[in-house]
Amino acid sequence: MLMSCAFATTALANSEVEPSTYDAEKENQLIAEKIQAAVDSIIANPGDKESIAFYKKHNFPKTKMDWVSLSYENGVLRVYGSGNVSLHDKKLITSYSNVIKAIVFEEGITGIFSVNYLPELEYVYLPSTLKTLVRSAFYGDKKLKLVNLPIGIKDISYYTFAYCESLKTIALHDSIKTIYAKAFDGCKSLEKIYIPKDITVFPNGMFRGCKSLTEINIHEGVTSIGEEAFKDCQSITSIKMPNTVTEIGEGAFRNMSSLKEVTISENITEIPEDAFKNCDLLVSVVLPESVNTLGQDSFKDCDNLESIEFKTPNLLSIAKFSFEHCKKMHTMIVHSNVAPKISKIFESENDSKEYYKKVKLYVKPEVFFTFIETPNWNKFLDIRKIEE
């Protein structure tokens, strides 16, 4: 016999939160209510109804499950148990995997494994007792729209929501301390997300392929932005890094086709390979004094990039093809006291001649003749002094 489909909801824990402050608990409560309404609507339609299975302790040594019982009603799977739960054991939901639209995990469950690759799954309700979502928990649930997150969860593991292509929003509590690599990789419908205040690392591929994400809060305290963290985020127009950021990974902002403005941390020393490659709408970039090195292809294919300014007094290196195919570039301003070795910063030797003709190079007056006499820098046909 099925239990009532009413979910346990908790009152807001902090009524003193300022109205302008993001309230993850309230957001999750609203999400839970929407999930409940969806489940009620699904169950209201005529369909199958039965108890699937009952498994006792020690049946699942790999996941350390205690016990679990399941019931199914017309697309809604209800999971009762204690401890950890995995649904992808062959004994459980194999025959139902293609028809489950919603899953309700009841109170008492503390860990969830493998709720992935359910092609029709749209809604998941998680209980307040939940502490752990294991790696790849919802990987590839392409129709998943809504899932609430209990406050007991302390981290978002690797690939947890990767390729949940219908997920538009998710509410992360400030209780979450760590987000692991590719947690939201390929969530192409994700439009907004709040980053908890204690997160210090944006890991590799964190939001890669989140094409609908329109903004992101890189807050004070973040120290690192990993490889391809925002690659293919095609709706974000502005990135502002706080000065706590000391490192960005290769391809971190690659293919951000709507990015128009970027403010780079004053504590970053290197713009790595492919960092801003194919950011079509970037027009002007100012690199702070701390940046002394540009990696290969760092601004390649930035079709509308017109000017680049190096504030550093000690420019060490500009790697080859850093500005390849930046066809609109007309100004380069270099405040360096030295003229580092460069080679093919635009394109191949033949193709680069046009760039050396049209790009105006501005340098400090005291090193004007140094740049004129330095190989490859002396290919610029229009070298001018920066006016103080």
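1. Section: the overall build of the protein
- When helices and strands are tallied, the protein shows three helices and 25 strands.
- Out of the 388 residues in the protein, the part that is buried amounts to 53%.
- By sequence separation, contacts in the protein at least 24 residues apart represent 37% of the contacts at least 6 residues apart.
- Put simply, the protein shows about 17,700 Å² of open surface, and 47% of that area lies on carbon and sulfur atoms.

2. Re the sheet that holds strand 23 (residues 331-334)
- Strand order across the open sheet formed by five strands is 19-21-23-24-25, with parallel pairing between neighbours. Strand pairing shows two members of the sheet lacking a second neighbour, strand 19 (284-287) and strand 25 (383-385), which therefore form its edges. Averaged over all pairs of adjacent strands, the angle between their axes in this sheet comes to 15 degrees, without regard to strand direction.
- In this structure, strand 23 lies alongside strand 24 (residues 360-363), joined through four bridges in parallel fashion. Each residue of the ladder has a partner; that of Ile 333, found in strand 24, is Tyr 362.

3. Comments concerning the sheet that holds strand 13 (residues 201-202)
- In space, the three strands of this open sheet follow the order 13-14-16, with parallel pairing throughout. Every interior strand has two partners, whereas the edge strands, strand 13 and strand 16 (247-248), have only one.
- Across two bridges, the pairing between strand 13 and strand 14 (residues 224-225) is parallel. Bridging from a neighbouring strand, Val 201 pairs with Ser 224 of strand 14.

4. Things to note about helix 1 (residues 24-44)
- For helix 1, which comprises 21 residues, the first-to-last C-alpha distance of 30 Å matches the rise-based estimate of 30 Å (1.5 Å per residue) to within 8%.
- Of all the residues in helix 1, the buried ones are Ala 24, Glu 25, Asn 28, Ile 31, Ala 32, Ile 35, Ala 38, Val 39, Ile 42 and Ile 43. Projected down its long axis, helix 1 carries its buried residues within an arc of 135 degrees, all on one side. In helix 1, the exposed positions that point more than 90 degrees away from the buried face belong to Lys 34 and Ala 44.
- In this structure Asp 23 caps helix 1, since a side-chain oxygen of it lies 3.2 Å from the backbone nitrogen of Glu 25.

5. Observations concerning the pattern of salt bridges
- The final tally for this structure, using the stated rule, is 14 salt bridges.
- For the salt bridge of Lys 145 with Glu 122, the shortest nitrogen-to-oxygen distance reads 3.3 Å. Placement of the pair is Lys 145 in the loop between strand 7 (132-133) and strand 8 (146-147) and Glu 122 in the loop between strand 5 (109-113) and strand 6 (123-125), with a sequence separation of 23 residues.
- Note that Asp 274 and Arg 254 form a salt bridge whose closest N and O atoms lie 3.4 Å from each other. Of this pair, Asp 274 sits in the loop between strand 18 (270-271) and strand 19 while Arg 254 sits in the loop between strand 16 and strand 17 (261-263), and the two are 20 residues apart along the sequence.
- Linked through salt bridges whose partners overlap, the residues forming this network are Asp 185, Arg 208, Glu 228 and Lys 231.

6. Some points on the environment of Glu 215
- Tracing the backbone through its elements, the reader meets Glu 215 in the loop between strand 13 and strand 14.
- According to the relative accessible area criterion, Glu 215 is exposed, its value standing at 57%.
- A sequence separation of 21 residues divides Glu 215 from Tyr 194, and the C-alpha atoms of the two residues are 9.6 Å apart.

7. Details of the pairing of strand 19
- Of the two faces of strand 19, the one lined by Val 285 and Leu 287 is fully buried and the one lined by Ser 284 and Val 286 carries no buried residue.
- Bridge analysis of strand 19 against strand 21 (residues 307-310) gives four bridges, and the strand direction is parallel. Each bridged residue has a counterpart across the sheet, and for Leu 287 the counterpart in strand 21 is Phe 310.

8. Points about a negative patch on the surface
- Taken together, the side chains of Glu 227, Glu 247, Glu 250, Glu 270 and Glu 273 make up a negatively charged region of the molecular surface.
- With respect to the helices, strands and loops of the structure, Glu 247 is situated in strand 16.

9. Here we look at the side chain of His 219
- Relative to the helices and strands, His 219 is located in the loop between strand 13 and strand 14.
- In this structure His 219 comes out as buried when scored by relative accessible area, which is 14%.

10. A closer look at the packing of aromatic side chains
- Enumeration over the complete set of coordinates arrives at 22 aromatic pairs.
- Ring geometry for Phe 138 versus Phe 161: centroids 5.4 Å apart, planes at 10 degrees, classification stacked. Linking Phe 138 in the loop between strand 7 and strand 8 with Phe 161 in the loop between strand 9 (155-156) and strand 10 (169-170), this pair joins segments that are 23 residues apart in sequence.
- Phe 138 gets classed as buried once you look at its relative accessible area, which sits at 0%.
- Seen in terms of ring centroids, Phe 323 and Phe 346 are 6.5 Å apart; in terms of plane orientation they differ by 45 degrees. Their pairing is tilted. Highlighted residues: Phe 323 in the loop between strand 22 (317-318) and strand 23 and Phe 346 in the loop between strand 23 and helix 2 (353-358), separated in sequence by 23 residues. Each member of the pair Phe 323 and Phe 346 is classed as buried.
- If you follow Arg 135 out to its NZ or CZ, it ends over the ring of Tyr 158, 4.8 Å from the centre.

Conventions adopted
- Residues numbered from 1 in each chain as written.
- Predicted model: local features only at pLDDT ≥ 70, side-chain atom pairs only at ≥ 80, totals over all residues.
- Heavy atoms only, no water.
- Helix = DSSP H or I, 4+ residues; strand = E, 2+ residues; numbered from the N terminus.
- Buried < 20%, exposed > 50% of the residue type's maximum accessible area, 1.4 Å probe, protein only.
- Contact = heavy atoms within 4.5 Å.
- Areas by Shrake-Rupley, 256 points an atom, 1.4 Å probe, with all protein chains shown as cover.
- Pairing = 2+ DSSP bridges.
- Axes fitted to C-alpha atoms, helices over the stretch in contact; angles between N-to-C directions.
- Expected span 1.5 Å × (residues − 1).
- Arc of directions from axis to C-beta.
- Polar contact = N/O pair within 3.5 Å; in protein donor to acceptor, adjacent residues only side chain to side chain.
- Salt bridge = Lys/Arg side-chain N within 4 Å of Asp/Glu carboxyl O.
- Patch = residues over 30% accessible without salt bridge, like charges linked within 9 Å, V, L, I, M, F, W, Y side chains within 5 Å.
- Lys, Arg positive; Asp, Glu negative; His and termini not counted.
- Charge placed at Lys NZ, Arg CZ, Asp CG, Glu CD.
- Phe/Tyr/Trp six-rings, centres within 6.5 Å; stacked < 30°, edge-to-face > 60°.
- Lys NZ or Arg CZ within 6 Å of the ring centre and 35° of its normal.

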